[in-house]
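Single-letter residue listing:
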Amino acid sequence: MSLNRLRSQVPLLEVLELSHNFGGLKALTDFSLTVETGELVGLIGPNGAGKSTILRAISGLIPISRGSIAFTSRPLKTHAAHHIAQQGIVHVPEGRGIFGNLTVLENLRLATYGRRDDQISPDLEHVLNLFPRLAERGHQLGNTLSGGEQQMPAVGRALMRRARLLLLDKSSMGLAPLLVREVFKIISEVNRQGTTVLLVEQNANMALTIAHRGYVLETGQIVLAGSSQELARDPVVRQAYPGH
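1. Description of helix α7 (residues 147-160)
End to end, α7 covers 20 Å across 14 residues, agreeing with the expected 20 Å (1.5 Å per residue, within 8%). Where α7 ends, the next residue or the one after it, Arg162, has phi of about 60°, a positive value.

This is the structure we're talking about:
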């Protein structure tokens, strides 16, 4: 099904006029965003713009002062974080957060806690096919993996949770350029295989390369929105991110 067809339907995620105060300061002001089923949407902006705050609000980790968040047309504002995760919104935070004292396979299987279906083994096989390096390092402890390698089980765990919407926070942070390209290639493939992705990035160049659409955030407010091609051509974006 084409993205144009999908966009005629109700958005998978709809954020309307979201506001959040942090320490007496406004971290977000009247922020609105939509993500359609099957899309890969990039949210870019400088450090401190509020990008991570948005993901934490969507996944229920922080309260919102005003506004609404809906997933499959159902409001999320009053739902606890674990209930939101059970609905299929899976958040991969900055820093990956894998368990260093567990092996790669144990990290992946841990994500299936609470599942009672018979598709866990096929899902694990799918993740290992997507990340061949994890298959090679299945019995290696998480804390012995490099930064780029740790990003793989972090995303793999989200897939083991059968994410309908994958929230990725700064997946490229701290990685060498070669690993950045590898990680973004994986994110693009995950989306191509059917997982909807909202990608928060400071690496605007790479984000706009793989995203269908994007939003530019500054000091808690959207200043630009459009297709990745439109944003890449915008003079404001080109000035702020000259490497694009």
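2. Some thoughts on the sheet that holds strand β1 (residues 13-22)
Across a sheet, strands are paired by hydrogen bonds formed along the backbone, either parallel or antiparallel in direction. Spatially, the four strands line up as an open sheet ordered β2-β1-β4-β5, and their pairing is antiparallel. The open sheet terminates on both sides in strands that have one partner only, identified here as β2 (25-35) and β5 (74-75). As paired strands, β1 and β2 are joined by seven bridges and run antiparallel to one another. Bridging across to β2, Val15 finds its partner in Leu33.

3. Some remarks on the confidence of the model for the protein chain
Across the protein chain, the average pLDDT comes to 87, with 94% of residues at 70 or higher. This model gives residues 1-8 a pLDDT under 50, and the stretch forms 13 contacts once residues within four places in sequence are excluded.

4. Brief notes about the packing of α7 against helix α8 (residues 177-192)
Packing of α7 against α8 leaves a shortest axis separation of 10 Å and a crossing angle of 10°. By the angle between their axes, α7 is roughly parallel relative to α8. Handedness of the α7/α8 crossing: right-handed. On the side of α7, the interface is formed by Gly148, Gln151, Met152, Val155 and Leu159, while α8 contributes Leu179, Glu182, Val183, Ile186 and Val190. In terms of residue class, the contact of α7 with α8 is built from seven nonpolar, two polar and one charged.

5. Structural notes on the side chain of Ser172
Tracing the sequence through the fold places Ser172 in the loop between β7 (165-169) and α8. Within the structure, the side chain of Ser172 is placed 2.9 Å from the side chain of Glu201, a separation counted as a polar contact. Discounting chain neighbours no more than four positions away, the residues touching Ser172 are Val180, Phe184, Glu201 and Asn203.

6. A few points about the sheet that holds strand β10 (residues 221-227)
Read from one edge of the open sheet, six strands run β6-β7-β8-β3-β9-β10, paired in mixed fashion. Taken across any chain shown, the strands that pair with only one partner, and hence form the sheet edges, are β6 (89-92) and β10. The sheet shows a mean angle of 15° between the axes of neighbouring strands, direction not considered. Helix-sheet contacts for helix α2 (residues 51-58) involve β3 (40-44), β6, β7, β8 (196-201) and β9 (213-218), and the interaxial angle to β8 is about 145°. Across the sheet, α8 touches β3, β7 and β8, and the angle it forms with β8 is around 155°.

7. Concerning the pattern of salt bridges
A complete count under the given rule lists nine salt bridges for this structure. In this structure, Arg66 and Glu17 form a salt bridge, with 3.9 Å as the shortest nitrogen-oxygen distance. Taken as a pair, Arg66 in strand β4 (residues 66-71) and Glu17 in strand β1 lie far apart in primary sequence, 49 residues in all. Glu17 sits in the partly exposed class, given a relative accessible area of 45%. Measuring nitrogen to oxygen at the nearest pair gives 3.5 Å for the salt bridge that ties Lys170 to Glu94. Of this pair, Lys170 sits in the loop between β7 and α8 while Glu94 sits in the loop between β6 and α4 (104-110), placing them 76 residues apart in sequence. Three or more residues are tied together by salt bridges with common partners; here these are Glu17, Asp30 and Arg66.

8. Considering the environment of Leu231
Mapped onto the secondary structure, Leu231 falls in helix α10 (residues 228-233). With relative accessibility at 2%, the residue Leu231 sits in the buried group. In this structure the C-alpha to C-alpha distance between Leu231 and Val127, which are 104 residues apart in sequence, comes to 32 Å. With residues up to four places along the chain from it excluded, the contact list for Leu231 reads Leu208, Gly214, Tyr215, Val216, Leu224, Ala225, Gly226 and Val237.

Calculation rules
- Residues numbered from 1 in each chain as written.
- Predicted model: local features only at pLDDT ≥ 70, side-chain atom pairs only at ≥ 80, totals over all residues.
- Heavy atoms only, no water.
- Helix = DSSP H or I, 4+ residues; strand = E, 2+ residues; numbered from the N terminus.
- Expected span 1.5 Å × (residues − 1).
- Pairing = 2+ DSSP bridges.
- pLDDT = per-residue confidence, 0-100.
- Contact = heavy atoms within 4.5 Å.
- Axes fitted to C-alpha atoms, helices over the stretch in contact; angles between N-to-C directions.
- Parallel < 35°, antiparallel > 145°, perpendicular 65-115°, else oblique.
- Left-handed = near helix turned anticlockwise from the far one by under 90°.
- Nonpolar A, V, L, I, M, F, W, Y, C, P; charged D, E, K, R; others polar.
- Polar contact = N/O pair within 3.5 Å; in protein donor to acceptor, adjacent residues only side chain to side chain.
- Salt bridge = Lys/Arg side-chain N within 4 Å of Asp/Glu carboxyl O.
- Buried < 20%, exposed > 50% of the residue type's maximum accessible area, 1.4 Å probe, protein only.

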